[in-house]
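Here is how the chains run, residue by residue.
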Amino acid sequence: MKLEGEFTFSGPRERVWDIIRDPDILATALPGTKKLDLVGENEYEGEMQVRIGPVAGTFGGKLIVSNEVAPESLTLTVEGKGKVGFLKGSGDIVLSDQGEDATLMKYSGEVQIGGRVASVGQRLFDTVSKSMIKQGLDKLNEAL
Amino acid sequence: MTYKFIGKRIKRNEDPRLLTGQALFVDDVDIPGMLHVAFLRSDYAHARILSIDIEEARQRPGVVAIYTAEDMGDDWEPGPPLVSPPPTLEGVIFNSRRQAPLAKGKVFHAGEAVVAVVAESRYIAEDAVEDIWVDYESLPVVVDLEKAMESDSPLVHDDLDTNLAAHMFQKKGDYESAREQADLIIQKKFYLDRGAAVAMENRGIVAHWDEKSQHMTIWDTTQAPIPIRNGTAARLGLSEKQVRVIAPFLGGGFGPKAMMFYPEEMLLPWLSMKHCRPMKWIEDRRENFYATTSERQQVHEVEIALTKDGRVLGLSDDFLHDTGAFDPYGLTIPLNTQCHVTGPYDIQNIASNCTAVFTNKPIVTPVRGAGRPQGVFVIERMLDFAAKELGMDLLELRKKNLIPPDAFPYDKEIIDQAFAKFVMDSGNYLPVVEKAREMIGYDQFIKEEQPRLRAEGKYVGIGITPFIETTGVGPYEGARVQIEPTGKVNVATGIGTQGQGHFTSFAQIVSEQLGVAVSDVNLVSGDTAQFHWGTGTFASRGAVVAGSAVLAAATAVRSKVLKLASKVLEAPEEELEFENGTVRVADIPRQSISLGELAALANPLRGAVEPGSEPGLEATDYFGPAYGATAFGVHAMIIEIDPETMMIEFKRYITVEDCGTVLNPLILEGQIHGGVSMGIGNAYYEKMHFDESGQLLNASLADYLIVTAHEMPNRIEIGHMETRSPFNELGTKGVGEAGAIPVPACFTQALENAFQDFDLEILETPLSPNRLFELLQREEHEE
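Conventions we followed
Residues numbered from 1 in each chain as written. Chains lettered and ligands numbered in written order. Predicted model: local features only at pLDDT ≥ 70, side-chain atom pairs only at ≥ 80, totals over all residues. Heavy atoms only, no water. Contact = heavy atoms within 4.5 Å. Buried area = accessible area lost by both parts, 1.4 Å probe. Salt bridge = Lys/Arg side-chain N within 4 Å of Asp/Glu carboxyl O. Helix = DSSP H or I, 4+ residues; strand = E, 2+ residues; numbered from the N terminus. Expected span 1.5 Å × (residues − 1). Buried < 20%, exposed > 50% of the residue type's maximum accessible area, 1.4 Å probe, protein only. Domains from an automatic or database assignment. Polar contact = N/O pair within 3.5 Å; in protein donor to acceptor, adjacent residues only side chain to side chain. Pairing = 2+ DSSP bridges. Axes fitted to C-alpha atoms, helices over the stretch in contact; angles between N-to-C directions. 1 Å grid on protein atoms, 1.4 Å probe; cavity = no way out; pocket = protein on both sides within 12 Å on 5 of 7 lines; lining within 4 Å. Points joined across faces, edges and corners; volume = space filled by probe spheres on them. Nonpolar A, V, L, I, M, F, W, Y, C, P; charged D, E, K, R; others polar.

> Looking at this model, I keep getting lost on the interface of chain A and chain B. Mind explaining?
Quite often, the size of an interface is put as the accessible area lost when its parts meet. With 18 residues of chain A at the contact, the number on the chain B side is 23 residues. For the pair chain A and chain B, the summed buried surface comes to about 1,600 Å²; carbon and sulfur atoms form 45% of the total. A per-residue breakdown of the area chain A buries against chain B is headed by Lys-81, Lys-83 and Ser-119 of chain A, which together make up 37% of the total. The interface formed by chain A and chain B contains 2 salt bridges.

Structure below.
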């Protein structure tokens, strides 16, 4: 499934970049995140509690940052699994200045889901993932 | 032929029990000490199993045992090949790959069983499944049939060079030369997709090994208890006498419950022996979507050759058939497709090339129709396109090509699912077509009604589609009929029953011979302790094959009765008649004796049974047809489409059936109603959506749309014609699948007819309101 969207931060690009590269801040922003640890250069391990309609469970997995061009763009690759299924995906994030004190984030990527989240939750997955992204980005924006 | 019981609208013997909740289903079986099994199933469609951690689950209170494939040791072995490829067909390639009781090393489709948990209750077992952690390494997934056959495709079975499951070529005449003589050649490519059977009752098994009596009893939602008994005995190293399989009442079968040897069917008896305790597993609805078989995906590249006056000279069909991750059921489905792709038409030149393909999807085995709807869809679509090109009326083109009544028995020269030559026993097709045409008012609709409704801005269309159904194939079935001293009659047959009304239609056959009330005939079906020879209920063969065996056994009992009664009543056999549970002298009705008294006399407590005779009024007999019986029918419908929502309203729905002798019109009509509802689902609502990673995205009845009363026609008008089959004494032909078979073809024709201004060309099935909208948008954009 494709995920695509944009979001405007009320802050300068460098500041936005610092925030999205800070695991502690990220962990507070991603809804349901129980932990997010830096385990190697550009590699995080974490746990996330997710609820999609009737399906709820904890996903454990990896988050890898690559193709990093600070403070402009990066690629995120996630791979997570839990008792209710698995999730695999990657996406590109591009930041651009939006006037003096605002930054536009464009993201696009593809996510593959499997197991119970797919067979029972897929009808809601689109809405849930969009709302989770929105919540997360709002939190990050607040952190600015 | 005049019958007293056969052909009568008799209410079903079994219904009072079913309607008052007194019928036994597998889930009703509850044995003291019974344990419950739940399965951990693969989330991945294709993955290597790296490790399985069951420690946490093991510690959960109430968990008795946990098994992986490794824990089964030498007892781990894939299921048996159920139907081998036809030995009668030359040059067949068949790569047999069968499902295992539990996945070992690798999973081949999402939902494959990986771990079995045995616990004191199902709740505990389910919770323990959640405690288990399986580490998978995901592998590239094969979903699309055409991509699966490309040289760089990932492999489902990496011990094979390709994803080819099977290849077979069949022909009649010489298509190439027919092509050269043709005035018109049309080529099309069709995509047909997969749907589920969605029986109201999911699968379930209770296995009970009794250590003291060294006996296994299995209650199984199977359509084929005898093959399951035989196979289970072989797998467990038991004698067939030590295993009893009972298929009690079933809430629908529709094919997937036929002899499958599902992983759970292999595992539950094994577990019961291992623990010396009864074991129960009842499938849930989500499991049913993955763990129970489904069907219908094929891709056809078709060419039809015609003369300019509409005579079909030949048909060439090159198709891919999805068999899913394994192919235990052999080539039954594509063989049916090959038999039905020329339908009721006299086509002398046929070339049919079938490639069965492995994919990382649940296993494919027959679902009501079993390859027939695909064949019917292809030929009927091709004829629709041909009629358009030739400027001919759809029905006139078909009438021109029907097999004439004097051509029967008609040899299609194609090998069928029974591995016999597809010889069509009998038929008189034209009157059936004319009757349907008349009932729906075809000419009047086209000439008057449709133009008027179209002028009002309504999207109304008509469809009318003939079809054949191969039914009643061998190898054989048997039955035992016995008159009790109470005067009631016991009948036992080996086939299982899933709602077809066997308790009544078979009773009618017996009543016809013995003159007893239908309600006095008690049938036991699907219990190997009662009758242990036979194959099963599938391929619309119950009435024809088991029904004929019942007739043979009842006839044999009838002659025993006559012989004894003749002696007792001191009258020659020819002068005796059966009436209301008695035998009497035709001219002197007072001189009579009841069947019960005769039964008592036939089983004396003193004296001697004469040498050369048998005690009791009982007989066992069998029926094995060399060829099946081919039924015929026409469906016709008038539909109206709401152009805003694309929802359909059936204004009229007509079926005219010729299934030879009708045993019970009530039951026949019920079969047709159910079949039509399944067919409507197959045409417009039911489709299993697999994504490119092999995940089924609509594995619930909230997302997978089965037809409800709302989507059904208000009324299905049914007409009967009768061409008796010469291949069985009853003269009957099967009808169990008929209702479903032509619906997608007929519906598609009606849709195109309703949208004739759009130049809509439908090359796929099932459609959906959404998909129809997309196709119409595409047409608009192209214009």
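What follows continues from the structure just given.
> Got a minute to help me understand helix α6 (residues 225–236) of chain B in this structure?
Helical periodicity: at 3.6 residues per turn, an α-helix aligns residues three or four positions apart in one direction. Residue and element names in this part refer to chain B. Look at α6: 16 Å from first C-alpha to last across 12 residues, which is about the 16 Å you get at 1.5 Å a residue. When you tally the buried positions in α6, you get 9 out of 12 residues, the bulk of the element. Every buried residue of α6 is listed here: Pro-225, Ile-226, Pro-227, Ile-228, Arg-229, Gly-231, Thr-232, Ala-233 and Leu-236. The inward-facing, buried residues of α6 abut β11 (215–220), β12 (243–246) and α7 (263–275). Positioned one or two residues after α6, Gly-237 has a phi angle of 70 degrees, which is positive.

> What should I look at first to understand the domain arrangement of chain B in this one?
Residues and elements named next belong to chain B. Under the domain assignment, chain B is made up of domain 1 (15–22 + 474–623) and domain 2 (294–473 + 626–782). Between the C-alpha centres of domain 1 and domain 2 the distance comes to 39 Å. Taken together, the 19 residues of domain 1 in the interface contact 22 residues of domain 2. Broken down residue by residue, the surface that domain 1 buries against domain 2 is led by Ala-539, Ser-540 and Val-544, which jointly contribute 35%. Run the count over domain 1 and domain 2 and you get 0 salt bridges. At the surface where domain 1 touches domain 2, the tally comes to 8 residue pairs in polar contact (both at pLDDT 80 or more). For the side of domain 1 that touches domain 2, the secondary-structure elements that each account for two or more residues are α14 (502–514) and α15 (542–569). In terms of residue count, α15 provides more of the side of domain 1 that touches domain 2 than any other element does, 6 residues in total.

> Looking at this structure, I do not really get the sheet that holds strand β8 (residues 164–172) of chain B. What am I missing?
Sheet strands line up and pair through hydrogen bonds in the backbone, either parallel or antiparallel. Residues and elements named next belong to chain B. Ordered by their spatial adjacency, 7 strands build an open sheet running β4-β8-β16-β15-β14-β9-β30, and the pairing between neighbours is mixed. The open sheet is flanked by β4 (93–94) and β30 (764–765), the only strands paired with a single partner. Pairing between strand β9 (residues 184–192) and strand β14 (residues 298–306): 9 bridges, direction antiparallel. Note that in β14 the partner of Lys-188 across the bridge is Val-302. In the packing of helix α10 (residues 372–390) onto the sheet, the strands contacted are β9, β14, β15 (312–324) and β30, and the crossing angle to β9 comes to about 140 degrees.

> Help me understand the layout of surface pockets in this model?
To find leftover empty space, a probe the size of one water molecule is rolled over the atoms. Residues and elements named next belong to chain B. There is about 870 Å³ of room inside the second largest pocket. Along its surface, the second largest pocket is lined by 33 residues, and Asp-193, Lys-687, Met-688, His-689 and Phe-690 are the ones closest to its centre. Taken together, the residues of the lining of the second largest pocket sort by class into 13 nonpolar, 8 polar and 12 charged.

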